[in-house]
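An overview of the molecular structure
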Amino acid sequence: MSQEASTTRVHCSHPLLCAQERRSRSTPSLEDDSAAFTEWRGQHPCILSHFSEFALSLKGKRLAVFLDYDGTLTPIVPNPEDAILSEEMRGVIRKLAHSFPTAIISGRGREKVENFVQLRELYYAGSHGMDIAGPPDLLQTERTRLGSSFQPAAHFRPMIDDVYNELCSRMSEIPGSSVEHNTFCVSAHFRNCAEDRWQAVVTAVEETLASRSEELCITRGRKVMEIRPRVNWHKGTALNHLLEELGLKAQPDVVAIYIGDDRTDEDAFKVLQQGRQGYGILVSNKVKETAASYTVRNPVEVMELLQGLVAWAATSDNGWVGSWRSAVSGSSSSSGGFGASAGAADAMDTELCPRSDAGGGGDGGPGGAAAQARWRAWQQEVQVQAGAGAVEELGS
């Protein structure tokens, strides 16, 4: 994008620049007027206002795009089941996926997100990355695809089912609350609860976890608490896994971006920041502590950014020569790109996490002494996020 184009005020041809002009004429929000928000935006600038310099950093690079779903591609809504993707956003994401490797990494169950998005061109990682599958055209058939999803916490599923049933019972008398089964985690929503009932939700979640605290942990999101496996696997490790399986990890000509709005997306931001692999982009109209490099305010601005990336893909600056799918198909593993990668390590092998009723008396079996020892050693390295924390933090 030329400097001349970036300063054009009339007859703007680039969607990002046109949107920027519209925003400049709009009434500033209360957040925009606050000194704190202005200072925060100075540290985490709006990527739409700095798209020219961002595009310059991408020149000759191969871009990979990772997206959260709720609050990023769709607005946060009172009923989680109503988070329907707009046809306009779906069309933009389809074009994006034809231009670059594109994945959605969500706390929702993978199949639920797939049903919302309805695009076969994408990679999907549900349950905070604990259930990953890729486009069927890279996996030959839909049947192969469904059979080759990567599920590093698969053995936790029966316990998660029990947690869901118990939490539904405990929260049934809390007005406005709801419980969502997300395959490898359970979400307790309190967005529609009166504030004086938030503590009741916290108590229900903590009591449900109490007898399972060695295997499960609590994480927090935007007016939601989640119970999930106590494993060192999150959106950041899922992002790394996908990059590795696609043959894109630690490649000097690869830039990855991750766009998300929640605390759980910070794991992905930190992976990109610490590994110098790309840029995190936070969706927020409030001041938040974040590892993201850039910001946008809402899903409308997310769509404007994605439209800009689609337009940039058609320029000679795009480092993907020809079809990116042809380029990465030879890099994916024989299981369709979603077997346990070297980056996932043997720590995520289900044999290292034996259940108490697991069979196999030999040391090499799932219930054997060697596997138990490896499991205990691995557990010591697991980094678990904080528990429920102060109630006043829950609404952030």
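Shown above is the structure to which this text applies.
Residues numbered from 1 in each chain as written. Predicted model: local features only at pLDDT ≥ 70, side-chain atom pairs only at ≥ 80, totals over all residues. Heavy atoms only, no water.

A look at the overall build of the protein chain
The number of helices and strands found in the protein chain is 15 helices and 11 strands. When burial is assessed residue by residue, the protein chain has 51% of its 396 residues classed as buried. Relative to all contacts within the protein chain whose residues are 6 or more apart in sequence, the contacts with residues 24 or more apart total 64%. With an accessible surface of roughly 17700 Å², the protein chain has 48% of that area assigned to carbon and sulfur atoms. (Helix = DSSP H or I, 4+ residues; strand = E, 2+ residues; numbered from the N terminus. Buried < 20%, exposed > 50% of the residue type's maximum accessible area, 1.4 Å probe, protein only. Contact = heavy atoms within 4.5 Å. Areas by Shrake-Rupley, 256 points an atom, 1.4 Å probe, with all protein chains shown as cover.)

Structural notes on the sheet that holds strand β9 (residues 254-260)
The strands making up a sheet associate through backbone hydrogen bonding, with each pair oriented either parallel or antiparallel. Read across the open sheet, the 7 strands follow the order β4-β3-β2-β1-β9-β10-β11; overall the sheet is mixed. Of all strands in the sheet, those with a lone pairing partner are β4 (131-133) and β11 (294-296), marking the two edges. When strand polarity is set aside, the average angle formed by the axes of neighbouring strands in this sheet is 20°. Pairing between strand β1 (residues 62-67) and strand β2 (residues 102-105): 3 bridges, direction parallel. Of the residues in β2, the one forming a bridge with Phe 66 is Ala 103. (Pairing = 2+ DSSP bridges. Axes fitted to C-alpha atoms, helices over the stretch in contact; angles between N-to-C directions.)

Section: the environment of Arg 62
By the element assignment, Arg 62 lies in strand β1. Taking C-alpha positions, Arg 62 is 8.9 Å from Leu 248, a pair spaced 186 residues apart along the chain. The residues touching Arg 62, leaving out its near neighbours within four places in the chain, are Leu 248, Gln 251, Asp 253, Val 254, Val 255, Gly 319 and Trp 320.

Some points on the pattern of salt bridges
If you walk through the whole model with that rule in mind, you get 17 salt bridges. Across the pair Glu 180 and Arg 108 runs a salt bridge, and its minimum N-O distance is 2.9 Å. Remark: Arg 108 occurs in the loop between β2 and α7 (110-117) and Glu 180 occurs in strand β5 (residues 178-181); sequence separation between them is 72 residues. Among the residues examined, Glu 180 registers a relative accessible area of 5% and is labelled buried. Residue classification places Arg 108 among the buried positions, given a relative accessible area of 5%. A salt bridge links Glu 301 to Arg 297; its shortest N-O distance comes to 3.2 Å. Sharing partners across several salt bridges, the network here consists of Asp 70, Glu 81, Arg 108, Lys 112 and Glu 180. (Salt bridge = Lys/Arg side-chain N within 4 Å of Asp/Glu carboxyl O.)

Side note on the packing of helix α6 (residues 87-99) against helix α13 (residues 299-313)
Between α6 and α13, the least distance of the axes is 9 Å, while the angle of their chain directions is 35°. When the axes of α6 and α13 are compared, the crossing they make is left-handed. Two secondary-structure elements touch here, α6 through Glu 88, Met 89, Val 92, Ile 93, Lys 95, Leu 96 and Ser 99 and α13 through Pro 299, Met 303, Leu 306, Gln 307, Leu 309, Val 310 and Ala 313. (Left-handed = near helix turned anticlockwise from the far one by under 90°.)

A few points about the packing of helix α9 (residues 157-171) against helix α10 (residues 198-209)
Their axes nearest at 10 Å, the elements α9 and α10 cross at an angle of 145°. In this structure, α9 crosses over α10, and the sense of that crossing is right-handed. Side by side, α9 and α10 meet where Val 163, Glu 166, Leu 167, Arg 170 and Met 171 of the first sit next to Val 201, Ala 204, Val 205, Glu 207 and Thr 208 of the second. A breakdown of the residues in the contact of α9 with α10 according to their chemical character gives 6 nonpolar, 1 polar and 3 charged. (Nonpolar A, V, L, I, M, F, W, Y, C, P; charged D, E, K, R; others polar.)

Considering the environment of Tyr 294
Mapped onto the fold, Tyr 294 is located in strand β11. Accessibility expressed as a relative area gives 10% for Tyr 294, which makes it buried. Between the alpha carbons of Tyr 294 and Gly 42 there is a distance of 9.7 Å; along the sequence they are 252 residues apart. Aside from chain neighbours lying at most four places away, what touches Tyr 294 is His 44, Pro 45, Ile 47, His 50, Glu 53, Phe 54, Tyr 279, Gly 280, Ile 281 and Leu 282.

As for α6
Counted at 1.5 Å a residue, the expected span for α6 with its 13 residues is 18 Å, and the 19 Å between its end C-alpha atoms agrees. Turning to α6, its buried residues are Met 89, Arg 90, Val 92, Ile 93, Leu 96, Ala 97 and Ser 99. (Expected span 1.5 Å × (residues − 1).)

Some remarks on the side chain of Thr 290
Relative to the elements of secondary structure, Thr 290 occurs in the loop between β10 (278-283) and β11. By relative accessible area, Thr 290 is classed as buried at 13%. Side-chain polar atoms of Thr 290 contact the backbone nitrogen of Ala 292, separated by 3.0 Å. The residues contacting Thr 290, other than those within four sequence positions of it, are Trp 40, His 44, Glu 266, Phe 269 and Leu 282. (Polar contact = N/O pair within 3.5 Å; in protein donor to acceptor, adjacent residues only side chain to side chain.)

Treat this as a map of the structure, not an account of what it does.
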